Amino acid sequence: MKDRETNAGGPEEAQTRRTEEEPGREKACGTRTEDAENDGLEKEQTAAKGAEGADAQGCQEDDPEADSQGGPETGKKKGFFSKKKDKKDEQIEELTDRLKRSMAEFDNYRKRTEKEKSAMYEIGAKDIIEKLLPVVDNFERGLAAVPEGEKTVFADGMDMIYRQLMKMLEDAGVKPIEAAGQPFDPNFHNAVMHVEDESLGENIIAEEFQKGYLYRDSVIRHSMVKVAN
């Protein structure tokens, strides 16, 4: 029994030990409580930060024009300026427009030159034909002066040349204007005489003094005629 009391240290010593151990326990419990409170505050701050980050991310996802660095206003400005065309696209459009204008101008130039060439050719052809018509008139007068029963080889040769010349003019688009027995038309005929003839109707051509000719439906020379009534 004595040994047990000695080893246990007695009730007084146990009470002393409890008294000494209690402040340490209280300190430990106080530290744990403060740590728990600090941990709770940190968790709340972390949760608040996470909520703010989620809200910010949600705002960025809701606003498609918002920029990751500059915010919604910067995104709107960037979207506005993004509508501006690229310089390369502007150059392509400008060159395409120039090409279309050049092609249109060239087409107009081609059509204009074709008309001018056609007009120049027609003017030149008319000039040559007008110079040949007096030769045709002389052939006709010479052949008309030869009597029917007294034609010679020379007269036959002249007639062949005359027919060949008229064939050439016909192939070039020249044809004589019909006059004798036709109604008078000032667009094709030139009246130099007027005669009263009951056998003919009013404004009927009684006689043709000089043949008129057309070149491609345009008058080269008007027919010189005598009109009846």
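Keep in mind the model is a prediction, meaning the values are calculated, not measured.

Reading the values: the criteria
- Residues numbered from 1 in each chain as written.
- Predicted model: local features only at pLDDT ≥ 70, side-chain atom pairs only at ≥ 80, totals over all residues.
- Heavy atoms only, no water.
- Helix = DSSP H or I, 4+ residues; strand = E, 2+ residues; numbered from the N terminus.
- Buried < 20%, exposed > 50% of the residue type's maximum accessible area, 1.4 Å probe, protein only.
- Contact = heavy atoms within 4.5 Å.
- Pairing = 2+ DSSP bridges.
- Axes fitted to C-alpha atoms, helices over the stretch in contact; angles between N-to-C directions.
- Salt bridge = Lys/Arg side-chain N within 4 Å of Asp/Glu carboxyl O.
- Polar contact = N/O pair within 3.5 Å; in protein donor to acceptor, adjacent residues only side chain to side chain.
- Patch = residues over 30% accessible without salt bridge, like charges linked within 9 Å, V, L, I, M, F, W, Y side chains within 5 Å.
- Areas by Shrake-Rupley, 256 points an atom, 1.4 Å probe, with all protein chains shown as cover.
- Expected span 1.5 Å × (residues − 1).
- Bend = angle between axes of the 7 residues up to and from the residue.
- pLDDT = per-residue confidence, 0-100.

Colleague: Which residues make up the overall build of the protein, and what are the values?
Modeller: Regarding its fold elements, the protein presents 5 helices and 6 strands. Within the span of the protein, comprising 229 residues, buried residues form 15% of the whole. Taking as baseline every contact in the protein between residues at least 6 positions apart, the subset at least 24 positions apart corresponds to 58%.

Colleague: Go over unusual backbone geometry with me, naming the residues and quoting the values.
Modeller: Positioned with a positive phi, arginine 216 is a non-glycine residue whose angle comes to about 55°. Mapped onto the secondary structure, arginine 216 falls in the loop between strand E4 (213-215) and strand E5 (218-221). Its identity as a non-glycine residue notwithstanding, aspartate 217 has a phi of 65°, on the positive side. Tracing the chain through its elements places aspartate 217 in the loop between E4 and E5. A relative accessible area of 67% means that aspartate 217 is categorised as exposed.

Colleague: I'd like to hear about the sheet that holds strand E1 (residues 174-176), residue by residue, with values.
Modeller: Strand order in this open sheet of 3 strands is E1-E4-E5, and the pairing throughout is antiparallel. Looking at the sheet topology across the chains shown, the edges are occupied by E1 and E5. Across the sheet, the mean angle separating the axes of adjacent strands is 35° when strand polarity is ignored. Where E4 meets E5, 3 bridges bridge the pair, whose relative direction is antiparallel. By the bridge assignment, tyrosine 213 is partnered in E5 with arginine 221.

Colleague: Any details on the pattern of salt bridges? Residues and values, ideally.
Modeller: According to the stated counting rule, one finds 12 salt bridges in the structure shown. A salt bridge links glutamate 140 to lysine 211; the shortest N-O distance between them is 3.4 Å. With a gap of 71 residues between them, glutamate 140 in helix H4 (residues 87-145) and lysine 211 in the loop between strand E3 (204-210) and E4 connect regions that are remote in the sequence. Where salt bridges share partners, they join Asp107, Arg110, Lys111 and Glu114 into one cluster.

Colleague: Give me the side chain of arginine 221: which residues, what numbers.
Modeller: Summarising the element assignment, arginine 221 is placed in strand E5. A distance of 2.9 Å separates the side chain of arginine 221 from the side chain of aspartate 137, its partner in a polar contact. From its side chain, arginine 221 meets the backbone oxygen of lysine 211 in a polar contact 2.7 Å long. Apart from the residues within four sequence positions on either side, arginine 221 is in contact with Leu133, Asp137, Ile177, Gln210, Lys211, Gly212 and Tyr213.

Colleague: Would you mind going over the sheet that holds strand E2 (residues 189-195) in detail, with residue names and values included?
Modeller: Taken in spatial order, the 3 strands make up an open sheet running E2-E6-E3, and their pairing is mixed. Unpaired on one side and paired on the other, E2 and E3 mark the two borders of the sheet. In this sheet, adjacent strand axes meet at a mean angle of 35° when their direction is disregarded. Where E3 lies against strand E6 (residues 223-228), 5 bridges are found, and the strand directions are antiparallel.

Colleague: Lay out a nonpolar patch on the surface with the relevant residues and their values.
Modeller: A contiguous nonpolar surface patch, about 330 Å² in accessible area, is contributed by Val192, Met193, Phe209 and Met224. Take methionine 193: it is sitting in strand E2.

Colleague: Which residues make up H4, and what are the values?
Modeller: For H4, which comprises 59 residues, the first-to-last C-alpha distance of 87 Å matches the rise-based estimate of 87 Å (1.5 Å per residue) to within 8%. Leucine 132 marks the point of greatest bend in H4, at about 25°, and the proline proline 134 comes within the next four residues. Those residues of H4 that sit buried are Thr113, Ala125, Ile129, Leu133, Val136, Asp137 and Phe139. Considering only its buried residues, H4 is in contact with helix H5 (153-171), E1, E3, E4 and E5.

Colleague: Describe the confidence of the model for the protein, with residues and values.
Modeller: For the protein, the average pLDDT comes to 75, and 63% of its residues sit at 70 or higher. A low-confidence stretch, residues 1-11 (pLDDT under 50), is modelled with 3 contacts involving residues beyond four sequence positions or located in other chains. A low-confidence stretch, residues 54-76 (pLDDT under 50), is modelled with 11 contacts involving residues beyond four sequence positions or located in other chains.

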